[in-house]
Amino acid sequence: MAKALVVDDSRAVRLILSKNLRELSFEVYEAANGREALERIDAEGTSWALVLADWNMPEINGLELLKRLRQRPELASLVIVMVTTETELDQMAAALDAGANEYVMKPFTRDILLEKLQLAGVCS
């Protein structure tokens, strides 16, 4: 079972994303911010398939988390999808330039999430 990490400071959003990922047969873990996400990734090793990260979070935001993860060669195959309310094209471009595989704008539907995960190559 592929491991996924949902990173969002909103508990409700984490629950929604986690439920959708479990239905897609992911083993799901959660973190409330980028610092917790890095700690979880360090604790669990490099066997992650997917990270869904919000942009606006305390301590370490999603863009900074994305940049830090992309600096790690051992996580080169990790699929990172930004799931955020940030809808400006400049912000979307910044995330993609920093290495995001896909970008999902909140609010989203299950179908949109599935489509983006398929485009990123983590779901069929």
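These figures come from a predicted structure and were not determined experimentally.

K.L.:
Mind showing me how you'd approach the pattern of salt bridges here?
P.N.:
A side chain with one charge can pair with a side chain of the opposite charge if their charged atoms come near. Across all of its chains, the model carries twelve salt bridges by this definition. Between Glu59 and Arg35 there is a salt bridge, with the nearest N and O atoms lying 2.3 Å from each other. With Glu59 in the loop between strand S3 (48–53) and helix H3 (62–70) and Arg35 in helix H2 (residues 34–44), this pair connects stretches of sequence that are 24 residues apart. Its salt-bridge partner being Arg72, residue Asp42 comes within 2.7 Å of it at the nearest N-O pair. Placement of the pair is Asp42 in helix H2 and Arg72 in the loop between H3 and strand S4 (79–84), with a sequence separation of 30 residues. Taking the relative accessible area as the measure of exposure, Asp42 reaches 49% and is therefore partly exposed. Using a relative accessible area of 22% as the deciding quantity, one classes Arg72 as partly exposed. Each of Lys3, Arg40 and Glu44 takes part in one network of salt bridges that share partners.

K.L.:
Please clarify how the nonpolar core should be interpreted in this entry.
P.N.:
One recurring pattern in soluble globular proteins: nonpolar side chains tend to sit buried together. The biggest cluster of nonpolar side chains holds 26 residues, and the ones touching the most others in it are Leu5, Val7, Val51, Leu65, Leu66, Leu69 and Met82. Broken down by element, the residue count for this core peaks at four residues, all from H3. What Leu69 contacts, discounting residues up to four positions off in sequence, is Leu38, Ile41, Val51, Leu75, Leu78 and Ile80. Counting 19 residues, the second-largest nonpolar core is a separate cluster that includes Leu17, Leu21, Phe108 and Leu114.

Reading the values: the criteria
Sequence positions are assigned chain by chain, starting from 1 and proceeding in written order. For this predicted model, a pLDDT threshold of at least 70 governs which residues receive local features, and a threshold of 80 or more governs which side-chain atom pairs are given and counted, while totals over whole chains, interfaces and linings are taken from all residues. Think of the side-chain values as coming from all heavy atoms in the structure, minus any hydrogens and water. The term salt bridge refers to a side-chain nitrogen of Lys or Arg lying within 4 Å of a carboxyl oxygen of Asp or Glu. Put simply, DSSP H or I for four residues or longer makes a helix, DSSP E for two residues or longer makes a strand, and each gets a number counted from the N terminus. Accessibility here uses a 1.4 Å probe with only protein chains present; expressed as a share of the type maximum, an area under 20% marks a residue as buried, one over 50% as exposed, and anything in between as partly exposed. For this analysis, a nonpolar core means a set of buried residues of the types Ala, Val, Leu, Ile, Met, Phe, Trp, Tyr and Cys, connected via side-chain atoms within 4.5 Å. Any pair of residues with heavy atoms lying within 4.5 Å of one another is described as a contacting pair.

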